[in-house]
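Okay, here's what each chain looks like letter by letter:
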Amino acid sequence: MKKLHVSASREYDIIIGSGLIKSVKEILGQCTSARKFMIVSDDNVFPLYGKTLISELLSDGKSVYSHVIPHGESSKSPKHYIELLDALAENRFDRSDCIIALGGGVVGDLSGFAAATYKRGLELVQMPTTLLAAVDASVGGKTAINLKQGKNLAGCFYQPNAVIIDTDTLATLPDKEYTGGCAEVIKYGMIADKELLSLTASVPVKSDYEDFIFRCADIKRGFIERDERDTGCRMLLNFGHTLGHSFEKLSSYTLPHGFAVAVGMAYITRAAFKMGFCQSETLYALLDALEACRLPKHIDYPSSDIALCAMNDKKEVAGEINLIVPIEIGKCEILKVPTSELIIWVKAGEADA
C-alpha cells in the first residue's frame, strides 16, 4: 500500500493498494466521523463492488444507502444531478453525512458536485474504479456536470475527505476503459516526467498499477498544492483536453474521454512541432507512447468544427484560450492564443497525409 498526503483547502490522503474495499472501515475511521453514507455508483460497477462495500459499512454499524446511475457520460447531466440531490433529501441526509463515489470519472464528478452543493457541503470520499479516475479525475477536487453546450460547464472545486484506490477493482476493467486511462498516464509523462513517458511506451501500465498510479497522483498533488483553483500552473494538467473536449462533444460523447485526450495531445504536439515550439524528438516520443497503448492519433472532424467547439470551452476568456503546448518531453507551457487563431493550430495539428 502507498499513501500520499494532499495539503489543500481540505487536507486528505490518497491511499493506493490492493484489497482496500475490505479495509474501508479502518480507512474511513481516520478521515470522517460520518455514520450515514450514500454510495453513488453506476450500473456496471455497483453489481461488482457495491455489495461488498455495503457489507463492510453495515458491519461497522453505519447507515448505508445507495444511488445507482446508468453508466456513461450522459449521466453527468443536470437531470441526474437533481435526481441525486432528491435522493439525499428523501433520505434526510445532513452535513454530518458522507457520499462515497464508487466508480469512474462520471460517478466521481457527479458525486463531488452533489456533495459540494447539497446543504452547502457534505463529506465526500472518492473510490475510483477505473484507471482514468484513479490517476486523474478522483484527485484534486474538480467536480462538474455537462450542459448541452459543452463539457464540465457547471461545477466547483470541492476537495474530498479521502481518495481510496483499490487496485483490485481495476482487474475487471474492460479493455477500452483501460486503454483510455493510459492516455492520462501519458499526459503526466508529457507535462512533468520524461521517465514516466518512456516507461509507458515500454511497459504495460497494468503490470504495476500501484506504482503508475502513485507517480501520476504525486505529480498532480504537486500542482494542486501550488495552484488549487486552477489559475496558474495547474492548467498544465489540461494538456490535450481543450481539443479533446471538442472531440467528445462532436461525437455526441460516444468517443471515450481518454481517447479524445489522446487525439488532443497528438494534435497540439504536431502543431507545436510545426510551429517550432518543440523538436521532433518530443513529437515522436508522444506518438510512440500512444501507439504502444493502442490509442488514436487522429480523428476525422472538420477543422472548423473542432475550433468552434473549443471556442465554447470553459477555458475561453476575453477572446483568448489557454493552450498547453509541449516544449520538450516532460515540460509544457501555457500559451494564450486568440480564439480567432485557434483554427490555425487545429489545421497544423492534423496528421500529415
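Here, the structure is the one placed above.
Residues numbered from 1 in each chain as written. Predicted model: local features only at pLDDT ≥ 70, side-chain atom pairs only at ≥ 80, totals over all residues. Heavy atoms only, no water.

Trainee: Can you tell me about the layout of surface pockets, naming the residues and giving the values?
Mentor: Taken as a whole, the second largest pocket holds about 170 Å³ of empty space. Together, R270, F273, K274, L283, Y284, L287, K297, A351 and D352 line the second largest pocket. Elements with a contribution of two residues or more to the lining of the second largest pocket: α10 (257-274) and α11 (280-292). (1 Å grid on protein atoms, 1.4 Å probe; cavity = no way out; pocket = protein on both sides within 12 Å on 5 of 7 lines; lining within 4 Å. Points joined across faces, edges and corners; volume = space filled by probe spheres on them. Helix = DSSP H or I, 4+ residues; strand = E, 2+ residues; numbered from the N terminus.)

Trainee: Hey, could you go over the nonpolar core for me, with residue numbers and the actual values?
Mentor: Ranked by internal contacts, the top residues of the largest apolar core, which has 75 residues, are I14, L131, I186, I213, F247, L290 and L295. With 11 residues, the single largest contributor to this core is α10. If we ignore the near neighbours within four places in the chain, the residues touching L290 are I186, A262, M265, A266, L295, P296 and K297. Ranked by size, the runner-up nonpolar core spans 24 residues in total, among them V40, Y81, F93 and Y158. (Core = buried A, V, L, I, M, F, W, Y, C linked by side-chain atoms within 4.5 Å. Buried < 20%, exposed > 50% of the residue type's maximum accessible area, 1.4 Å probe, protein only. Contact = heavy atoms within 4.5 Å.)

Trainee: Any details on helix α1 (residues 24-31)? Residues and values, ideally.
Mentor: Listed as buried for α1 are V24, I27, L28 and C31. On an axial view of α1, the arc spanned by its buried residues comes to 95 degrees, and they lie on one face. Residues of α1 that are exposed and point over 90 degrees away from its buried face: G29 and Q30. Here the buried face of α1 lies against β2 (12-17), β3 (36-42), α2 (46-58), β5 (98-103), β6 (123-128) and β9 (162-166). (Arc of directions from axis to C-beta.)

Trainee: How would you summarise the packing of helix α9 (residues 241-250) against helix α12 (residues 303-311) if you had to cite specific residues and measurements?
Mentor: Following both chains from N to C, one finds α9 and α12 inclined at 110 degrees, their axes separated by 8 Å at the closest point. Classed by the angle they form, the pair α9 and α12 counts as roughly perpendicular. Facing T242, L243, S246, F247, K249 and L250 of α9, the residues of α12 in contact are D305, I306, C309 and A310. (Axes fitted to C-alpha atoms, helices over the stretch in contact; angles between N-to-C directions. Parallel < 35°, antiparallel > 145°, perpendicular 65-115°, else oblique.)

Trainee: Lay out the pattern of salt bridges with the relevant residues and their values.
Mentor: One pass over the full model with this rule turns up 17 salt bridges. Note that E184 and K187 form a salt bridge whose closest N and O atoms lie 2.9 Å from each other. In this pair, E184 and K187 both sit in helix α6 (residues 175-192), three residues apart, roughly one turn of the helix. Just as E184 is buried, K187 falls in that class too. Ionic pairing is found between D193 and R215, a salt bridge with its closest N-O pair at 3.1 Å. Of the two residues, D193 sits in the loop between α6 and α7 (194-202) while R215 sits in helix α8 (residues 209-226), which places them 22 residues apart along the sequence. Each member of the pair, D193 together with R215, is buried. Through salt bridges with shared partners, one network takes in E73, K76, D109, K151 and E248. (Salt bridge = Lys/Arg side-chain N within 4 Å of Asp/Glu carboxyl O.)

Trainee: Which residues make up the packing of aromatic side chains, and what values do they have?
Mentor: Counted by the stated rule, this structure contains five aromatic pairs. Their ring planes at 70 degrees and their centres at 5.6 Å tell us that Y65 and F93 sit as a pair that is edge-to-face. With Y65 in strand β4 (residues 63-69) and F93 in the loop between α3 (78-90) and β5, the pair connects residues that are 28 residues apart, well separated along the chain. With relative accessibility at 30%, the residue Y65 sits in the partly exposed group. Relative to Y267, the ring of F247 has its centre 5.3 Å away and its plane inclined at 55 degrees; by these criteria the two rings are tilted. Taken together, the positions of F247 in helix α9 and Y267 in helix α10 put the pair 20 residues apart, joining distant regions of the chain. Looking at F247, the relative accessible area reads 0%, which means it is buried. For the cation-ring pair, R10 lies above Y158, with the distance from its terminal atom to the ring centre recorded as 5.2 Å. A cation over an aromatic ring shows up here: K206 above the ring of Y178, its NZ or CZ 4.4 Å from the ring centre. (Phe/Tyr/Trp six-rings, centres within 6.5 Å; stacked < 30°, edge-to-face > 60°. Lys NZ or Arg CZ within 6 Å of the ring centre and 35° of its normal.)

Trainee: Can you explain a nonpolar patch on the surface? Please cite residues and give values.
Mentor: Taken together, M275, F277 and I344 make up a surface patch of nonpolar side chains, about 250 Å² in accessible area. Within the secondary structure layout, I344 lies in helix α13 (residues 342-349). (Patch = residues over 30% accessible without salt bridge, like charges linked within 9 Å, V, L, I, M, F, W, Y side chains within 5 Å. Areas by Shrake-Rupley, 256 points an atom, 1.4 Å probe, with all protein chains shown as cover.)

Trainee: Can you break down the environment of R234 residue by residue, with the values?
Mentor: With respect to the helices, strands and loops of the structure, R234 is situated in the loop between α8 and α9. Since its relative accessible area comes to 1%, R234 is described here as buried. Taking the C-alpha atoms as reference points, R234 and K220, 14 residues apart in sequence, are found 8.3 Å from one another. Beyond its immediate sequence surroundings of up to four residues, R234 is in contact with V139, G140, G141, K142, F157, K220, F223, I224, D227 and E228.

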